[in-house]
Amino acid sequence: MPGIDECLLETMRLPGALGAALVDWTSGLALGTIGDSPGGDHEAAAAETAEFARSAAEHPVFIPGTADTSGGLLPLEDVFVATHEGYHLLRFVRTAHDSSVFLYLWLDTELGNLALARLRLRELAERLVLA
């Protein structure tokens, strides 16, 4: 089972991967980063994507009506944004604690394969070990 660094290295092996991060969406802090970042600042990108992820995850329109065993609502699976400069994919990671982290992947629009990236991030999120 991969840790943060191994997970991010595997993420960068995806075709068209420009950069990736593991982000805590409650604090906006990057727990790990690799590659490039939109705007050139991983910490700023982490804070901005965390705000976006938190907004989506807490919005009533996107929250499933079923609760998990701890009584909390299940998080979203993915959030995807397409821009002229790239695809931005956020994959929420279920953890034993509070499930407040997500994998963030920035893909080149011409070289990236969104379907493959989504499947691969799901696999990585399921195997990721957070110490």
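Residue numbers restart at each chain and count upward from 1, following the sequence in its written direction. Where totals are concerned, whole chains, interfaces and linings use all residues; where local detail is concerned, this predicted model gives features only for residues with pLDDT of at least 70, and gives and counts side-chain atom pairs only at 80 or more. Note that water and hydrogens are dropped before the side-chain values are worked out from all heavy atoms of the structure.

### Quick look at the pairing of strand β1 (residues 17-24)
For step 1, the next point in the chain: Each residue gets one of three labels from its accessible area relative to the maximum for its type: buried under 20%, exposed over 50%, partly exposed in between, using a 1.4 Å probe on protein chains only. A run of DSSP states H or I qualifies as a helix once it reaches four residues; a run of E qualifies as a strand once it reaches two. Both are numbered from the N-terminal end. Counting buried positions over the eight residues of β1 gives seven, a clear majority of the element.
For step 2, the next point in the chain: What makes two strands pair is DSSP finding at least two bridges between them. Pairing of β1 with strand β5 (residues 101-107), which is carried by seven bridges, proceeds in the antiparallel orientation. What sits directly across from G19, in β5, is W106.
For step 3, the next point in the chain: Two elements, β1 and strand β2 (residues 29-35), share six bridges in a ladder whose sense is antiparallel. Paired with L22 across the two strands is G32, which belongs to β2.
For step 4, the next point in the chain: The hairpin formed by β1 and β2 contains four residues between the paired strands, and G28 there has a positive phi angle of roughly 80 degrees.

### Some remarks on the pattern of salt bridges
For step 1, the next point in the chain: Should a side-chain nitrogen of Lys or Arg be within 4 Å of a carboxyl oxygen of Asp or Glu, the pair is scored as a salt bridge. Tallied over the full model, the rule gives seven salt bridges.
For step 2, the next point in the chain: Measuring nitrogen to oxygen at the nearest pair gives 2.6 Å for the salt bridge that ties R120 to E123. Here R120 pairs with E123, and both are found in helix α3 (residues 114-127), just three residues apart, close to one helical turn.
For step 3, the next point in the chain: Classification of R120 as partly exposed rests on a relative accessible area of 21%.
For step 4, the next point in the chain: Judged by its relative accessible area of 39%, E123 is partly exposed.
For step 5, the next point in the chain: Salt bridges sharing common partners tie together E10, R120, E123 and R127.

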